[in-house]
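Structural overview
Read off the chains here:
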Amino acid sequence: MAQNPWLKSPPRREAVADFDGDGRRDRAVFRVNGESYAVLVLGGDGQVRRLGEARPRVELANMELGVLAPGIHRTFCSRRESDEAGCRPTVTLKAPGVVVTTFEAAQIVYFWNGTAFDVAALSD
């Protein structure tokens, strides 16, 4: 079995919560692979899920991971006029979400939708 290249580097930041609602503690981490970075959830069940990937990694020093509590949260779409397809004004988290904050204070949340992780922009 080939080793996951994202697991070779040490975590850059981390957040801990039960992100997938299975009753086990998970860890969300930034990992670097070459010039890219990814947000991974290392599941309490041993499963590794890559939530997002971006370039360049130079911005990683100015990014943070956090935990968003379950509940209904307004998205970036609710703060502006939008007719974009798929733009939802709120997201409902049944389990804690993984929040990624950039140096510009933009935020996205990765959240468990019952079968997989989904993503929504909270601010831009």
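Summary of the structure given here. (Residues numbered from 1 in each chain as written. Predicted model: local features only at pLDDT ≥ 70, side-chain atom pairs only at ≥ 80, totals over all residues. Heavy atoms only, no water.)

Now for the sheet that holds strand β5 (residues 64-68). Ordered by their spatial adjacency, four strands build an open sheet running β5-β8-β9-β10, and the pairing between neighbours is antiparallel. The strands lining the two open edges of the sheet, one partner per strand, are β5 and β10 (117-123). Strand after strand, the sheet turns through a mean of 25° between neighbouring axes, direction not considered. The pairing of β5 with strand β8 (residues 97-101) spans five bridges and is antiparallel. When the bridges of β8 are listed, Leu65 appears paired with Val100. (Pairing = 2+ DSSP bridges. Helix = DSSP H or I, 4+ residues; strand = E, 2+ residues; numbered from the N terminus. Axes fitted to C-alpha atoms, helices over the stretch in contact; angles between N-to-C directions.)

This part is about the side chain of Arg49. With respect to the helices, strands and loops of the structure, Arg49 is situated in strand β4 (residues 48-54). Take Arg49: its relative accessible area is 16%, and that puts it in the buried class. At 3.1 Å, the side chain of Arg49 forms a polar contact with the side chain of Asp20. In this structure, Arg49 is in contact with Asp20, Val39, Leu40, Val41, Trp112 and Phe117, ignoring residues within four places of it in sequence. (Buried < 20%, exposed > 50% of the residue type's maximum accessible area, 1.4 Å probe, protein only. Polar contact = N/O pair within 3.5 Å; in protein donor to acceptor, adjacent residues only side chain to side chain. Contact = heavy atoms within 4.5 Å.)

This part covers the sheet that holds strand β2 (residues 26-33). Sheet architecture is open: four strands sit in the order β1-β2-β3-β4, paired in antiparallel fashion. The sheet is open, and its two borders are formed by β1 (14-17) and β4, each paired with just one other strand. The average angle at which neighbouring strand axes cross in this sheet is 25°, direction not considered. The sheet contact formed by β2 and strand β3 (residues 36-42) spans seven bridges and is antiparallel. Opposite Arg31, over in β3, you have Ala38 as the bridge partner.

For the largest pocket, the calculated volume is near 190 Å³. Considering the residues around the largest pocket, the lining is formed by 17 residues, among which Met63, Val100, Thr102, Ile108 and Tyr110 are closest to the centre. Taken together, the elements giving at least two residues each to the lining of the largest pocket come down to β3, β4, β9 (107-112) and β10. (1 Å grid on protein atoms, 1.4 Å probe; cavity = no way out; pocket = protein on both sides within 12 Å on 5 of 7 lines; lining within 4 Å. Points joined across faces, edges and corners; volume = space filled by probe spheres on them.)

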